[in-house]
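A look at the structure
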Amino acid sequence: MEKGTEKNQSESSDFVKQITKKSDDFSRWYVDVIKKAELADYSSMKGIMVIRPYGYEIWELIRDQLDKMFKETGHRNAYFPLFIPESFLKKEAEHVEGFAPEVAWVTQGGHEELEEKLAIRPTSEAIICSFYAKWINSWRDLPVLINQWANVVRWEKVTRPFLRTTEFLWQEGHTVHATYEEAEEETLRILDIYTTFCEKYLAIPVISGLKSQSEKFAGALKTYCIEPLMPDGRALQAGTSHNLGQNFAKAFNIRFENQNQELEYAWQTSWGVSTRLVGAVIMVHGDDSGLILPPKVAPLQAVIVPISRGNWKETVLPEAQALFQELKKNGFRVYLDDRDTYTPGWKFAEWEMKGVPVRIEIGPKDIENKQLVLVNRLNRDKCFVKRDEVTAALEKLLEEIQQRLLERALDFREKNTHEAFNYAELMDVFDNRKGLVRAGWCESNQCEIKIKDAAAATIRVIQDKKDERFKRCSVCGAEAKHTVLFAKSY
RNA sequence: CGGGGCGUAGCGCAGGCUGGUAGCGCAUCGGUUUUGGGAACCGAGGGUCGGAGGUUCGAAUCCUCUCGCCCCGACCA
């Protein structure tokens, strides 16, 4: 009767959606999905977020799988202190300089001013190296292959849930080796683990390769990284693996006696991935209806929605419970949504928003026909399966979805990877298209800076193998030493 | 650190110009009917209007200061 009611009715379709369309405003979509799917919540402190159970469960699945892969390659977990004395951090000059702008400091304990202020670790090279100096004496002590799962703090100016937060969770591997070659081998082994993990488990294809000198980790000799392409055309640095050379060994005096009875500085690596991976999963796979989780890292792979009509609690519910038990016993992560406060339609929308890959509907008609309805989150395709064949059917569908997500992401990347043979072509891509640009590079820092200034884009990776078609540096025209991929990034 | 936007119920917002009982939708709680794509109706609860100061008989509203958050750019996983 009043204006308010009319307005509400005319806009009811918008209220149903509740989240911004991915194509309308990618940033808002991203934040909407995170909030509505209850992955994370903002705290009252800037840039500091809470990872809620559903979001944390994704991280746990990521963590558990990676942990397994690290252990399979001989790594062991340990835990080092959260605090790093200032003097430790200062030992490696480049390292300090690189991290100084974003370190949080503790200057007081209780009512006492500290004699030496303590950094809250932005990364743990400094504290870990100080211990390695004590633990390593002989070539027989090597290699040391340690990983830690921890939180770190970086006082970033601009933050975004999962992608860049003041405090975040990650793993950081810190290894020590007797030779450069071994360290390099380790660096690449981890890069390979990251690449495999992203593609096989997260269904996110990544480009891996070397960073340029200006983009490498502060204190490293070489930094390798994995870079997936996001739907808005920007690249995301999703993981890094550094060959530290002897830089930290020299700064922290990590020496060992080799087989020739000579004292030698050790060779080190460090590598990490963070909760940023959760952000990548959200961005790469989600759609206008919300999240889409790859089955391998979905906290719930299937949700059972009993169709509630009439005396459903006596008829449908027991069947649904039996199905739930059966699927659970067979190792699926499954949930039975038996709430009677919501209608089936509401539940459908809810679980789609939360990205559950498969919905299983069971109603009176299904029970009568000894069948179930399996619904694919990707396209809402429904298929009827025989009740006693559900395990095999679900397994197959989950595999299909996992595979399809990777294909879809790969296809998007192919369509958004361009080539530029000269400056005009390079700028044309930045101005008129989006995505990655493959181009030649002369290896000079000036050319990197020029592109950064002109297009806010950087070299994301230097390709492993030079592509001979790119004979000239696309910026200055000099002879190309490498083939690189440029992109705007997060 | 620059540019923009915004702080009013758990969430999303209106009200502000022109000072005078603090509102709407969603959510929540109770009830009835429903339930195969976000159900309907009836009823109820919930607020120091970001904070401080000022003007005024009276401030969510006007003035001054301040704090915080979000988005877009320069730096980083």
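Remember, predicted model here, so these are calculated numbers, not experimental data.

Under the criterion given, the structure shown has 29 salt bridges. For the salt bridge of Lys481 with Glu443, the shortest nitrogen-to-oxygen distance reads 3.9 Å. Of this pair, Lys481 sits in the loop between strand E22 (458-462) and strand E23 (482-487) while Glu443 is found in the loop between strand E21 (436-441) and helix H16 (445-455), placing the two residues 38 residues apart along the sequence. Glu443 sits in the partly exposed class, given a relative accessible area of 43%.

Attention now moves to the sheet that holds strand E6 (residues 112-120). The antiparallel open sheet is built from 3 strands, whose spatial order is E4-E6-E5. Each edge of the open sheet carries a strand with a single partner, namely strand E4 (83-85) and strand E5 (104-109). When the angles between neighbouring strand axes are averaged without regard to direction, this sheet yields 45°. As defined by bridge partners, E4 adjoins E6 across 3 bridges and the pair is classed as antiparallel.

Counted according to the given criterion, the structure contains 0 disulfides. Cysteine Cys225 shares no disulfide, and the gap to the nearest cysteine sulfur, in Cys198, comes to 11 Å. Summary of cysteine pairing: Cys473 is not part of a disulfide, and the nearest cysteine sulfur, belonging to Cys476, is at 3.7 Å.

This part is about the confidence of the model for chain A. Detailed reading of predicted coordinates is not advised where the pLDDT is low. In the predicted model, chain A carries a mean pLDDT of 91, and the fraction of residues at 70 or more is 96%. Below a pLDDT of 50 lies the segment residues 1-17, which in the model reaches 1 contact outside its immediate sequence neighbourhood of four places, other chains included. Across the interfaces of the predicted complex, the ipTM metric reaches 0.85, alongside a pTM of 0.94.

For the rest of this paragraph, the subject is the packing of aromatic side chains. Counted under the stated rule, the structure contains 18 aromatic pairs. A centroid spacing of 6.4 Å and a plane angle of 80° characterise the contact between Phe430 and Phe486, whose relative ring orientation is edge-to-face. With a gap of 56 residues between them, Phe430 in helix H15 (residues 423-432) and Phe486 in strand E23 connect regions that are remote in the sequence. We classify Phe430 as buried; its relative accessible area is 8%. An aromatic cluster is defined as three or more aromatic residues linked by ring pairs; in this entry it consists of Trp59, Phe70, Trp149, Tyr194 and Trp271. Over the face of the ring belonging to Trp29 we find Lys22, whose NZ or CZ atom lies 4.7 Å from the ring centre.

The biggest cluster of nonpolar side chains holds 57 residues, and the ones touching the most others in it are Leu39, Ile62, Leu66, Phe162, Leu202 and Ile282. Domain assignment of the residues forming this core places at least three in each of domain 1 (26-285) and domain 2 (295-412). Non-local contacts of Leu66, meaning those with residues more than four positions away in its chain, are made with Trp149, Ile193, Tyr194, Phe197 and Val273.

What follows deals with the sheet that holds strand E18 (residues 371-376). Strand order in this open sheet of 5 strands is E16-E15-E17-E18-E19, and the pairing throughout is mixed. The strands lining the two open edges of the sheet, one partner per strand, are strand E16 (334-336) and strand E19 (382-386). For this sheet the average axis-to-axis angle between neighbouring strands, irrespective of direction, equals 25°. In terms of strand pairing, strand E17 (residues 358-362) meets E18 through 4 bridges, oriented antiparallel. Considered in E18, the bridge of Ile360 is made with Leu374. Across the sheet, helix H11 (residues 312-329) lies against strand E15 (302-306), E16, E17 and E18, angled at about 165° from E16, the strand it touches most. Here helix H14 (residues 390-415) sits on the sheet in contact with E15, E17, E18 and E19, set at roughly 5° to E18.

Omega for the bond connecting Leu142 with Pro143 falls within 30 degrees of zero, at -5°, which places this linkage in the cis form. Tracing the backbone through its elements, the reader meets Pro143 in the loop between helix H7 (125-135) and strand E7 (144-153). With a phi angle near 70°, Phe162 is a residue other than glycine that sits in the positive phi range. With respect to the helices and strands, Phe162 occurs in the loop between E7 and strand E8 (167-177). Accessibility expressed as a relative area gives 3% for Phe162, which makes it buried. Phi at Arg380 is positive, roughly 60°, even though this residue is not glycine.

What counts, and at which threshold
- Residues numbered from 1 in each chain as written.
- Chains lettered and ligands numbered in written order.
- Predicted model: local features only at pLDDT ≥ 70, side-chain atom pairs only at ≥ 80, totals over all residues.
- Heavy atoms only, no water.
- Salt bridge = Lys/Arg side-chain N within 4 Å of Asp/Glu carboxyl O.
- Helix = DSSP H or I, 4+ residues; strand = E, 2+ residues; numbered from the N terminus.
- Buried < 20%, exposed > 50% of the residue type's maximum accessible area, 1.4 Å probe, protein only.
- Pairing = 2+ DSSP bridges.
- Axes fitted to C-alpha atoms, helices over the stretch in contact; angles between N-to-C directions.
- Disulfide = S-S within 2.5 Å.
- pLDDT = per-residue confidence, 0-100.
- Contact = heavy atoms within 4.5 Å.
- Phe/Tyr/Trp six-rings, centres within 6.5 Å; stacked < 30°, edge-to-face > 60°.
- Lys NZ or Arg CZ within 6 Å of the ring centre and 35° of its normal.
- Core = buried A, V, L, I, M, F, W, Y, C linked by side-chain atoms within 4.5 Å.
- Domains from an automatic or database assignment.

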